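# Examining the three-dimensional arrangement
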Amino acid sequence: IYYLPRLAELKSKNELRKEIFTAYKIIIPILIVSFSGIYIFRDFIIRIIFTQEFYPMRDLFAWQLIGDLFKISTWLIGFTFIAKSLTKLYVFNEIFFSLLFVILAVLLIKYFGVVGVTIAYMINYIIGIIFMIVVYKKVIMK
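Here's a quick rundown of the structure. Since this is a predicted model, take the numbers as computed values, not measurements.

What follows is about the pattern of salt bridges. Pairs may arise between side chains of opposite charge once their charged atoms sit close together. For the structure shown, the criterion picks out 3 salt bridges. Between Arg6 and Glu19 there is a salt bridge, with the nearest N and O atoms lying 3.2 Å from each other. Of this pair, Arg6 sits in helix H1 (residues 3–9) while Glu19 sits in helix H2 (residues 13–40), and the two are 13 residues apart along the sequence. In this structure Glu19 comes out as buried when scored by relative accessible area, which is 10%. Beyond isolated ion pairs, a larger network of salt bridges with shared partners links Arg6, Glu9 and Glu19.

On to helix H4 (residues 61–83), then. Between its first and last C-alpha atoms H4 spans 32 Å; for 23 residues at 1.5 Å apiece the expected length is 33 Å, and the two agree. Roughly 30 degrees is the biggest bend found in H4, and it falls at Leu76. Ser85 sits one or two residues past H4 and shows a positive phi near 60 degrees.

Our focus in this paragraph is a nonpolar patch on the surface. On the surface, Tyr39, Ile40, Phe41, Phe44, Ile48, Ile49, Phe50 and Phe54 cluster together to form a nonpolar patch covering roughly 830 Å² of accessible area. Elements supplying a minimum of two residues to the nonpolar patch: H2 and helix H3 (42–49). Per-element tally for the nonpolar patch: the top contributor is H3, with 3 residues. As for its placement among the helices and strands, Phe44 is situated in helix H3.

What counts and how
Residues numbered from 1 in each chain as written. Predicted model: local features only at pLDDT ≥ 70, side-chain atom pairs only at ≥ 80, totals over all residues. Heavy atoms only, no water. Salt bridge = Lys/Arg side-chain N within 4 Å of Asp/Glu carboxyl O. Helix = DSSP H or I, 4+ residues; strand = E, 2+ residues; numbered from the N terminus. Buried < 20%, exposed > 50% of the residue type's maximum accessible area, 1.4 Å probe, protein only. Expected span 1.5 Å × (residues − 1). Bend = angle between axes of the 7 residues up to and from the residue. Patch = residues over 30% accessible without salt bridge, like charges linked within 9 Å, V, L, I, M, F, W, Y side chains within 5 Å. Areas by Shrake-Rupley, 256 points an atom, 1.4 Å probe, with all protein chains shown as cover.

The following block contains the structure:
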């Protein structure tokens, strides 16, 4: 409600950079605290929401939460592409990284079993944030 329209209205590169850094300064600490709480209480969460058969999913939490942190980080920059009418670049990014996730998941399942899917998710979004930062610097900040 706030972020995308705010990015769209900004004209100077310095204002845009400042807004993105402000979003990171607010959102990332909140995510780290929230995700830490989820991780610490993962056994309790599994017991409340699921049955005992789901207990092995506790091994997936760390990879998933780290991946989510990077995923949300990519969104903060990705919204800039939409706000600045770089829709084709945003769509390319989404398609490419969806395909990369599938490829990584297939490869890592062979080595790690089901945990490989969440490891692939994390790796995909770590590569994704690196890609977004590079493209942001080359396209938006040029």
